[in-house]
Amino acid sequence: MLERIIGHFGASIETKMLSAEELPAYIEQAGQVMVQSLLSGGKILSCGNGGSAGDSQHFSSELLNRFERERPSLPAIALTTDSSTVTSIANDYSYNEVFSKQIRALGNPGDVLLAISTSGNSANVIQAIQAAHEREMTVVALTGKNGGGMASLLTADDVEIRVPSDITARIQEVHLLVIHCLCDFIDCALFGEE
Ligand SMILES: O=C(CO)[C@@H](O)[C@H](O)[C@H](O)[C@H](O)COP(=O)(O)O
Ligand SMILES: [Zn+2]
């Protein structure tokens, strides 16, 4: 088992090294999209399933509360947290609509959707992207594998950050790093480099 554990560390480091070669320009582009939205009075909605639901909440709490420094709260909403809303939409309509229905109510033109899926194929995240486009929002997609159905839905204004791996856990580990890069980008752009 020790060997397996050490192997997970090695694989995670390898995926992060490869990501460090491929992803920074996309992360910078995504940071600019988010900063532009926040500066224009927009907000960032986020969604995902399972571990990615946790990631979407991790991101929104770092905006709403704080990341690494004292600064004003920033507007963000994770669409995964209101269990009454999520369960009633799933019960009355379909699980595929749990995020899109919220976006149609909460999303405004100029807001950003942070859509997180390791496969790019979660139907509720795909419908969330469609709803975000209807609301004239820009999408930042965190994906992996071959980008799945999400990749083909994105427009030229959107940004896809696709982790070069086929393993869900490794992709999630990089997604969290990307989220921290985005939080740091937002803090530096809005409040100055420290
Ligand atoms: O955290 C994990 C696996 O590491 C799981 O909870 C995982 O997030 C779930 O199976 C998700 O439903 C996978 O969805 P997706 O990443 O393909 O959109
Ligand atoms: Zn997990």
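Residues numbered from 1 in each chain as written. Chains lettered and ligands numbered in written order. Predicted model: local features only at pLDDT ≥ 70, side-chain atom pairs only at ≥ 80, totals over all residues.

## Some details on the nonpolar core
Judged by nonpolar contacts, the single largest core of 49 residues is most densely connected at Met34, Leu113, Ala115, Ala128, Ile129, Val139 and Val140. With 7 residues, helix H8 (residues 168–191) is the single largest residue contributor to this core. Beyond its immediate stretch of four places on either side in the chain, Val140 contacts Ala30, Val33, Met34, Val112, Leu114 and Val159. (Core = buried A, V, L, I, M, F, W, Y, C linked by C-beta atoms within 7 Å. Buried ≥ 20, exposed ≤ 12 C-beta atoms within 10 Å, placed from the backbone. Helix = DSSP H or I, 4+ residues; strand = E, 2+ residues; numbered from the N terminus. Contact = placed C-beta atoms within 7 Å.)

## Side note on the packing of helix H2 (residues 24–39) against H8
Two elements in contact, H2 and H8, have axes whose closest approach is 9 Å; the angle formed by their N-to-C orientations is 50 degrees. When the axis of H2 is compared with that of H8, the two are oblique. The element H2 and its partner H8 pack so that their crossing is right-handed. Seen from H2, the contacting residues are Ile27, Ala30, Gly31, Met34, Val35 and Leu38; seen from H8, they are Val178, Cys181, Leu182, Phe185, Ile186, Ala189 and Leu190. Split by residue class, the contact of H2 with H8 holds 12 nonpolar, 1 polar and no charged. (Axes fitted to C-alpha atoms, helices over the stretch in contact; angles between N-to-C directions. Parallel < 35°, antiparallel > 145°, perpendicular 65-115°, else oblique. Left-handed = near helix turned anticlockwise from the far one by under 90°. Nonpolar A, V, L, I, M, F, W, Y, C, P; charged D, E, K, R; others polar.)

## As for the sheet that holds strand E3 (residues 112–116)
Across the sheet, which stays open at both edges, the 5 strands sit in the order E2-E1-E3-E4-E5 with parallel pairing between neighbours. Since the sheet does not close on itself, it has two edges, and those belong to strand E2 (76–78) and strand E5 (159–162), each with one partner. When the angles between neighbouring strand axes are averaged without regard to direction, this sheet yields 15 degrees. Along the sheet, H2 makes contact with strand E1 (44–47), E3, strand E4 (138–143) and E5, crossing E5 at roughly 140 degrees. (Pairing = 2+ DSSP bridges.)

## Examining the UniProt feature "binding site: substrate" (unreviewed entry) in the protein
UniProt feature "binding site: substrate" (unreviewed entry): in the numbering of this structure it lies at Asn49, Gly50, Gly51, Glu62, Asn91, Asp92, Ser117, Thr118, Ser119, Ser122 and Gln172. Spatially, the listed residues are scattered: they cover 124 residues, and their C-alpha atoms lie as much as 32.1 Å apart. Summarising the element assignment, Asp92 is placed in helix H4 (residues 83–92). Of the residues examined, Asp92 has 9 C-beta atoms within 10 Å and is grouped as exposed. (UniProt positions renumbered as here; feature names shortened; annotations may be inferred.)

## Quick look at the site of ligand 1
Taken together, 13 residues lie around ligand 1, and Gly50, Gly51, Ser117, Thr118 and Ser119 are the ones closest in. Elements with a minimum of two residues in the shell around ligand 1: helix H3 (51–64) and H8. With 3 residues, the single largest contributor to the shell around ligand 1 is H8. Each residue belonging to the shell around ligand 1 can be placed in one class, and the counts come to 2 nonpolar, 11 polar and no charged. (Near = placed C-beta within 6 Å.)

## Description of the environment of His58
With respect to the helices, strands and loops of the structure, His58 is situated in helix H3. The class for His58 is partly exposed, based on 17 C-beta atoms found within 10 Å. His58 sits 57 residues away from Ala115 along the chain, and the two C-alpha atoms are 13 Å apart. Residues within four places of His58 in sequence aside, it is in contact with Leu176 and Ile179.

## Looking at the confidence of the model for the protein
Residues at a pLDDT of 70 or more form 100% of the protein, whose mean pLDDT is 98. Across the interface, the model reports ipTM at 0.98; the global pTM reads 0.98. (pLDDT = per-residue confidence, 0-100.)

## Things to note about the UniProt feature "binding site: Zn(2+)" (unreviewed entry) in the protein
Summarizing the sequence annotation, UniProt attributes the feature "binding site: Zn(2+)" (unreviewed entry) to His58, Glu62, Gln172 and His180 in the numbering used throughout. Structurally, Gln172 can be placed in helix H8. The residues contacting Gln172, other than those within four sequence positions of it, are Gly51, Ser52, Asp55 and Thr118.

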